[in-house]
Amino acid sequence: MMNKLSQHDGPVLEIDKLSISFFTRLREIPAVMDFSVSVQPGEAVGLVGESGCGKSTVALGVMQDLGKNGRIVGGSIKFKGRDLAQMSPEELRDVRGNEIAMIYQEPMASLNPAMKIGRQLMEVPMIHEGVSEKVAYARALEVVTDVRLPDPERMLNSYPHQLSGGQQQRIVIAMALMSKPSLLILDEPTTALDVTVEAAVVELVRDLGKKYGTSMLFISHNLGLILETCDRLCVMYSGEAVERGSIADVFDEMQHPYTQALFRSIPLPGADKNAHPLVAIPGNFPLPHERPTGCNFGPRCDYFQSGRCDQGQIDMEDVAGNDRHATRCLRYKEIDWAAPIVVGEQKEKTKPGEVVLKIDNLKKYYEVAANALFGGGTKKVVKANETLSFEARESETLAIVGESGCGKSTFAKVLMGLETATEGEILLDGQNIEQTAIEARDTRTVSDVQMVFQNPFDTLNPSMTVGRQIIRALEIFDIGDSDQDRKQRMLELLDLVKLPRAFADRMPRQLSGGQKQRVGIARAFSGGARIVVADEPVSALDVSVQAAVTDLLMEIQRSEKTTLLFISHDLSIVRYLSDRVMVMYLGHVVELGDTDQVFSPPYHPYTEALLSAVPIADTSIEKEHIVLEGDIPSAMDPPSGCPFQTRCRWKSEVPGGLCDREVPPTRSLEPGHQIKCHLSDETLQRMQPVIKVAAE
Amino acid sequence: MDPLSWTGNIAFLDPLLFFALGLLALSVLVWIVLSAVLPENRAINVTGGSASLSSGPLVLAALAVKAAFLATSALVAVYLLLGIVMGTGAGIIGAMAQRLLPVWIALVLLFTLSILFKRKLGLYGKLFDSPIGMIGFALVMFWVFTGFFGAVDMIITHDPLAQLSGLKNKVPGTPLRSPEDGDFLWYLLGGDNLARDVFSRMVKGAWEVVKIAPLATVFAFMVGITLGLPAGYFGGKLDTFLSFLANLILAFPVILLFYLLVTPEIVQTGLPQFMAVVLFAFPLIFFFVLINARYRTQPQKNYLWLAVVLLPMLALYLMVVNAPGSKVDILPTALDRIDIPGGILVVFVSVVFVNSPTVFRIVRGLTMDIKTRDYVAAAQTRGERPWYIMLWEVLPNARGPLIVDFCLRIGYTTILLGTLGFFGLGLPPESPDWGSTINEGRKLLAIYLHPALPPAFALLSMVLGLNLLADGLREESLKD
């Protein structure tokens, strides 16, 4: 029988001046330097930073799991007053999973696919506390009920692959809670999940933290999520903590230029692409072995003073008057933090022109054989797109919003010609293209409709130079008469996306994520595209880079008069840049209208839930909490009647079970604003805005 | 003349060498035991501001292994150097070291140049960061150079086919009975049961192996790639059909297939030749599609490249496939400049035939993975044709595993050639290739050990070298 460490007053976790390095054959790479944070009992501390800033390394350091070549080279990590580095492997084994539990990003990778859920959960107390199988089962059942999974007994008896992503993550959380740990480390626990599912998981984590009194170390790149879950936070940049304090202090009285820049580069509800554009952080994140002397953020900082900020080590300094608020900036007292943003040039709002793309009643069904091996038996029909109708005008941004499985990617495929439509029409300049596969389209049509992809690490062929890839697109689009011509045009395209011309000879692996995405944009515009489908073009990028890439896309759109179909699930960015918004759910367009119309009541119930789910990094915003129960139904087996009826909180307002029986008709609320809902006009009028700016 | 001993005048080094080898074995053993027993070391030393990994028994043991290995290597180098200087004065070892002088020079040159410019040489250059890869590459290049210089009659001491009287089954170091002027005076590794020089035959045999194995593997890869790409890319019925075919070939007993292919009745029907016609056509198809996909939009360039690359290949193909008087006799005799002996053709065809299904499956698997990437989707959305995507977007990104497999497969092919030679299939009976030589030596193995061992060791070291090379490449290609 193993016991928990004796009770201890004071912080659960105390990290003091921690430095972690990884040793490679060539050099020592410092991943974390001089990092201090403490977590009090029952407190949730957020760790925010861009990828590569060392936040996950801190978590691994706490677990003492740095791998073969990682070492703690300075400082200490004290858990309940005991230094983890001094513990023997046996003692560490007792602590891990028992006292400190960790939840990783990818739920499927944390579960053993060959073991039933129940077995995996029961293992934890059986190993750590040596309890009997019966007790362990009872505990598992209790915890699974606690994470609000339906039908817990069936859950325990199923294998991980039989569960959806959200359910899997709940099981992982349940597993972490099995031994009632005193510290829970969550490493981007919701990044792999959909927004509405994320909101439910976040709420669960917060409630459970309160119920069990667990301290939490919450690692995320999303400031909004940190605001919703944590009491305190620590902002990291390039291996160092740059600012530390309570949520209110850091969000409202930030004392470090990086924190300020970070907040200015995320689209908060007040931002607008024409009047208040986002301010991107100039430059790139420094590589671990290329850090500048002095302040790491110096080269990208607006307040940089040479001769002062680039001299030697800078220490954390407490900000007077606030509770445990510290910053790593020499000039924090001199900077006027309340100064308004210097607004760059304000841009004219572009007028949408002629209709270039018209979708009418488009349907795309897939037939899936029930028995894949022999192809016989009944065939199932997956309705990926159901009666899609909308228009897109020249130099207009139309956002397509929806979670995974809503049919937005299928629509993109049909538009691009990778698939042909089952029914309905796509008219490009009045010509039908819905039945023409891409091989049969003429060069002009192909180059007119292009796409920017989501994953920057996947969007370029890793074994071809950047220049070669753009030239290939030019060749295919029949642009330029000679190789010389095309080379010239390629260099101009690099200028267009603001990349140095020298990049033409680089291989994609030498570029950062944002730079790759710029090349992807250059490639899409190489044939003078008039309609560009951007499939979550910035969601995989770091916050500080997102703003720059978004702005670039807008700028090119403005000059080329392109129609942009912006696919995203992130409503903040959609509100920032789109003219009109189309919300999709399970293949249906549930709401379509101007950005203002969609973002203010009356909403479609699904839009309302989506708006509530998106975390917003602003303390002055009050959100109504709407948590959708359950997961998105499978498109293979959609619910009868209205597709959203299984999760709708307004369903009871519709008399006679109409939602169960009939797909609601599309109706117009105002000119240009249509929704697909059975709710009566009076009910819709009663809806309150989800997001309210608190009166100050 | 006196018979040569193994080490001659440098025999004083022998105890040292044995001692060093003993130390090496012991230190390796200690190291393995320690690393199994001791826990993982988490501590670090901070001395003078710079941090380093702390030393413990394990580190000391690793150091001992390194020292013992260096000592052994240094001794071996001393043997070779003294041998090069003293020649037969240093016994059989010395004489062989001296005969192999061109190989040493070539190896030293190659390694110096490669290490000097390793940062500019891509994956090949990175190989020189991995000790394992370097050892493997050295072993492989040793046999390549040996084969090459042997082929131009530089290293060999005697004609590999000449039979000298009185030297039948004689032990290594036996002097010639009646040497003529200019003859080398000893059979360095003894004589075989037909009184031929084992050393010279081993050197000549290296060329046979170095010549056939990589070429046959290249052909197997061409076939595997050309079929595997569409199978993986298109999937569906085509994939099912091709995979079934591949499984069929894989399930067929290889040795039986070989026997069938060389049976006179089967040769009479022209089956091996027809197989050659089909299999050798794949490189043509591959390069045609490769160039055509790339320059589809620029017809003039396209035709130029097609003509430059394909016409010579086509000519070569016709000459290789055509054999006067057989079933495939389409070319006028005047034009048929290349005549491949029937045996070699059969060896080639069978090696390609049994190797390509495995390559096919690897390529198919890689393609299925890579085709889901965004850059493939990007190519599709700009209207690229399937073959361009397969050959220019998918294939280059599958190269890592393919290069590694290529090295391993040359190893298999080498063994396969040995096996074929061992069964007396394919190559002519007097051929000095290693498989045939081992087979001949086998017959009298109980009485005379020496004729069979040198080719066996040669085969072993070459295949080992290829495997190490593949390991090194894999290790280095994963880093970046």
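Not measured: the values here are computed from a predicted model.

### Describing the overall build of chain A
- Counting its regular elements, chain A contains 22 helices and 26 strands.
- Referenced to the eigenvectors of the C-alpha coordinate spread, the extents of chain A come out at roughly 75 × 65 × 60 Å.
- Looking at chain A as a whole, 56% of its 696 residues are labelled buried.
- Surface exposure of chain A reaches about 28800 Å², of which carbon and sulfur atoms provide 50%.
- Taking the average place of the 74 positive charges on the side chains of chain A and the average place of its 96 negative ones, the gap between the two points comes to 3 Å.

### Re the interface of chain B and chain A
- On the side of chain A, 39 residues touch chain B, which itself brings 35 residues to the contact.
- Taken together, the links from chain B to chain A amount to 3 salt bridges.
- As a salt-bridge pair, K301 of chain B and D483 of chain A come within 2.4 Å of each other at their nearest N and O atoms.
- Where chain B packs against chain A, one counts 15 residue pairs in polar contact (both at pLDDT 80 or more).
- Looking at the side of chain B that touches chain A, the elements with two or more residues in it are β1 (44–47), β2 (50–53), α12 (281–294), α15 (374–381) and α16 (386–394) of chain B.

### Some points on unusual backbone geometry
Residue and element names in this part refer to chain A.
- With a phi angle near 50 degrees, K80 is a residue other than glycine that sits in the positive phi range.
- Along the chain, K80 turns up in the loop between β4 (70–79) and β5 (82–83).
- A positive phi angle, close to 55 degrees, is found at N361, a residue other than glycine.
- Looking at where N361 falls in the secondary structure, it is placed in strand β13 (residues 355–369).

### Some details on the side chain of S158 of chain A
All names here are of chain A.
- Looking at the secondary structure, you find S158 in the loop between α6 (152–156) and α7 (165–177).
- You can call S158 buried: its relative accessible area is 7%.
- Within the structure, the side chain of S158 is placed 3.3 Å from the backbone oxygen of R154, a separation counted as a polar contact.
- If we skip the residues at most four places from it in the chain, S158 touches K116, I117 and L163.

### Quick word on a nonpolar patch on the surface
All names here are of chain B.
- There is a patch of nonpolar side chains on the surface, built from V28, L29, W31, I32, V33, V37, L38, L58 and V59 and spanning about 730 Å² of accessible area.
- Elements with a contribution of two residues or more to the nonpolar patch: α1 (13–37) and α2 (57–86).
- Broken down by element, the residue count for the nonpolar patch peaks at 6 residues, all from α1.
- Structurally, the position occupied by L29 is in helix α1.
- Owing to a relative accessible area of 54%, L29 belongs among the exposed residues under this scheme.

### Examining the sheet that holds β4 of chain A
All names here are of chain A.
- Judged by pairing direction, the sheet is antiparallel, and its 4 strands sit side by side in the order β2-β1-β4-β5 without closing on themselves. In the strand order of this sheet, the two ends are held by β2 (28–39) and β5, each with one partner.
- In the sheet, β4 pairs with β5 via 2 bridges, with the strands oriented antiparallel. Residue pairing across strands places K78 opposite D83, the latter belonging to β5.

### Here we look at the environment of V538 of chain A
Residues and elements named next belong to chain A.
- If you trace the backbone, V538 turns up in the loop between β19 (531–535) and α17 (543–560).
- Along the primary structure V538 and G283 are separated by 255 residues, whereas in three dimensions their C-alpha atoms are 17 Å apart.
- The residues touching V538, leaving out its near neighbours within four places in the chain, are Q546, V549, T550 and I573.

### A closer look at the pairing of strand β7 (residues 183–187) of chain A
Residues and elements named next belong to chain A.
- Judged by how many residues are buried, β7 sits mostly within the fold: 5 of 5 residues are covered.
- Of the two faces of β7, the one holding L183, I185 and D187 and the one holding L184 and L186 are both buried throughout.
- As paired elements, strand β6 (residues 100–103) and β7 share 4 bridges and run parallel to each other. In the strand pairing of β7, I103 is matched with L186.

### Some words on helix α12 (residues 408–416) of chain A
All names here are of chain A.
- Among the 9 residues that make up α12, 7 are buried, leaving the element largely enclosed by the rest of the structure.
- If you check which residues of α12 are buried, you get K408, T410, F411, A412, V414, L415 and M416.
- Two residues or fewer past α12, G417 is found with a positive phi of approximately 95 degrees.

### Comments concerning the packing of helix α14 (residues 466–476) of chain A against helix α15 (residues 483–496) of chain A
Residue and element names in this part refer to chain A.
- Remark: α14 packs on α15, axes separated minimally by 9 Å, with the N-to-C direction vectors making an angle of 115 degrees. Read as a crossing pair, α14 and α15 show a hand that is right-handed. Facing α14, whose interface residues are V466, G467, I470, I471, L474 and E475, α15 presents R486, K487, R489, M490, L493 and L494.

### Here's the deal with the layout of surface pockets
All names here are of chain B.
- Reported here for the second largest pocket is a volume of approximately 2100 Å³.
- Among the secondary structure elements, those contributing two or more residues to the lining of the second largest pocket are α1, α2, α3 (91–99), α4 (101–116), α6 (131–151), α7 (198–234) and α19 (453–478).
- Among the elements that take part in the lining of the second largest pocket, α2 stands out by supplying 11 residues, more than any other.
- Across the lining of the second largest pocket, the residue classes break down as 39 nonpolar, 7 polar and 2 charged.

### Quick notes on the nonpolar core
- Core analysis: the largest hydrophobic core is formed by 84 residues, its most contacted members being V103, L107, W143, L188, F199, F280 and W434 of chain B.
- Here the element with the most residues in this core is α7 of chain B; it accounts for 13 residues.
- Sequence-distant contacts of L107 of chain B, that is, excluding residues within four places in its chain, are made with A138, M141, F142 and F145 of chain B.
- By size, the runner-up hydrophobic cluster in this structure holds 74 residues, among which are L541, I556, V574 and W650 of chain A.

### A look at the confidence of the model for chain A
- Model confidence for chain A is summarised by a mean pLDDT of 82, while 94% of its residues fall at 70 or above.
- For chain A, strand β26 (residues 691–693) of chain A is the element with the lowest average pLDDT, namely 74, and α14 of chain A is the one with the highest, namely 90.

### Notes on the packing of aromatic side chains
- Here the structure, examined in full by the defined rule, presents 27 aromatic pairs over all chains.
- Their ring planes at 85 degrees and their centres at 5.0 Å tell us that Y585 of chain A and F644 of chain A sit as a pair that is edge-to-face. Here the residue Y585 of chain A occupies a position in strand β21 (residues 580–585), and F644 of chain A occupies one in the loop between β23 (621–623) and α21 (658–661), the gap between them amounting to 59 residues. Like Y585 of chain A, the residue F644 of chain A is buried in the burial classification.
- Relative to F287 of chain B, the ring of F286 of chain B has its centre 5.3 Å away and its plane inclined at 90 degrees; by these criteria the two rings are edge-to-face.
- Take F286 of chain B: its relative accessible area is 10%, and that puts it in the buried class.
- Joined through ring pairs, the aromatic side chains of W104, F142, W143 and W434 of chain B make up one cluster.

### Here's the deal with helix α20 (residues 605–613) of chain A
- With 9 of 9 residues buried, α20 of chain A lies mostly within the body of the structure.
- Of all the positions in α20 of chain A, only P605, Y606, T607, E608, A609, L610, L611, S612 and A613 of chain A are classed as buried.

### What to know about the sheet that holds β19 of chain A
All names here are of chain A.
- Ordered in space as β18-β19-β20-β15-β21-β22-β25-β24, the 8 strands form an open sheet in which the pairing is mixed. Only two strands of the sheet have a single partner each, and these edge strands are β18 (449–452) and β24 (666–670). Strand-to-strand twist in this sheet, taken as the mean axis angle between neighbours without regard to direction, amounts to 20 degrees.
- Taken together, the 4 bridges between β18 and β19 define a ladder with parallel strand orientation. Pairing of Q450 across the sheet is with V532, part of β19.
- Sitting on the sheet, α12 is in contact with β15 (397–401), β18, β19, β20 (563–568) and β21, with an inclination near 145 degrees to β18.

### Concerning the pattern of salt bridges
- If you walk through the whole model with that rule in mind, you get 42 salt bridges over all chains.
- Residues R119 of chain A and E133 of chain A are paired through a salt bridge, measuring 2.8 Å at the closest nitrogen-oxygen approach. Note that R119 of chain A is positioned in helix α4 (residues 117–128) and E133 of chain A in helix α5 (residues 133–146), a separation of 14 residues in sequence.
- Here E133 of chain A falls in the partly exposed class, since its relative accessible area comes to 43%.
- Residue K118 of chain B pairs with D129 of chain B through a salt bridge whose shortest N-O separation is 2.9 Å. Residue K118 of chain B is located in the loop between α4 and α5 (122–126), and its partner D129 of chain B is located in the loop between α5 and α6; the two are separated by 11 residues in the primary sequence.
- Connected through shared salt-bridge partners, R468, R472 and E475 of chain A together with R294, R382, E384 and E393 of chain B make up one network.

Reading the values: rules and limits
- Residues numbered from 1 in each chain as written.
- Chains lettered and ligands numbered in written order.
- Predicted model: local features only at pLDDT ≥ 70, side-chain atom pairs only at ≥ 80, totals over all residues.
- Heavy atoms only, no water.
- Helix = DSSP H or I, 4+ residues; strand = E, 2+ residues; numbered from the N terminus.
- Buried < 20%, exposed > 50% of the residue type's maximum accessible area, 1.4 Å probe, protein only.
- Areas by Shrake-Rupley, 256 points an atom, 1.4 Å probe, with all protein chains shown as cover.
- Lys, Arg positive; Asp, Glu negative; His and termini not counted.
- Charge placed at Lys NZ, Arg CZ, Asp CG, Glu CD.
- Contact = heavy atoms within 4.5 Å.
- Salt bridge = Lys/Arg side-chain N within 4 Å of Asp/Glu carboxyl O.
- Polar contact = N/O pair within 3.5 Å; in protein donor to acceptor, adjacent residues only side chain to side chain.
- Patch = residues over 30% accessible without salt bridge, like charges linked within 9 Å, V, L, I, M, F, W, Y side chains within 5 Å.
- Pairing = 2+ DSSP bridges.
- Axes fitted to C-alpha atoms, helices over the stretch in contact; angles between N-to-C directions.
- Left-handed = near helix turned anticlockwise from the far one by under 90°.
- 1 Å grid on protein atoms, 1.4 Å probe; cavity = no way out; pocket = protein on both sides within 12 Å on 5 of 7 lines; lining within 4 Å.
- Points joined across faces, edges and corners; volume = space filled by probe spheres on them.
- Nonpolar A, V, L, I, M, F, W, Y, C, P; charged D, E, K, R; others polar.
- Core = buried A, V, L, I, M, F, W, Y, C linked by side-chain atoms within 4.5 Å.
- pLDDT = per-residue confidence, 0-100.
- Phe/Tyr/Trp six-rings, centres within 6.5 Å; stacked < 30°, edge-to-face > 60°.

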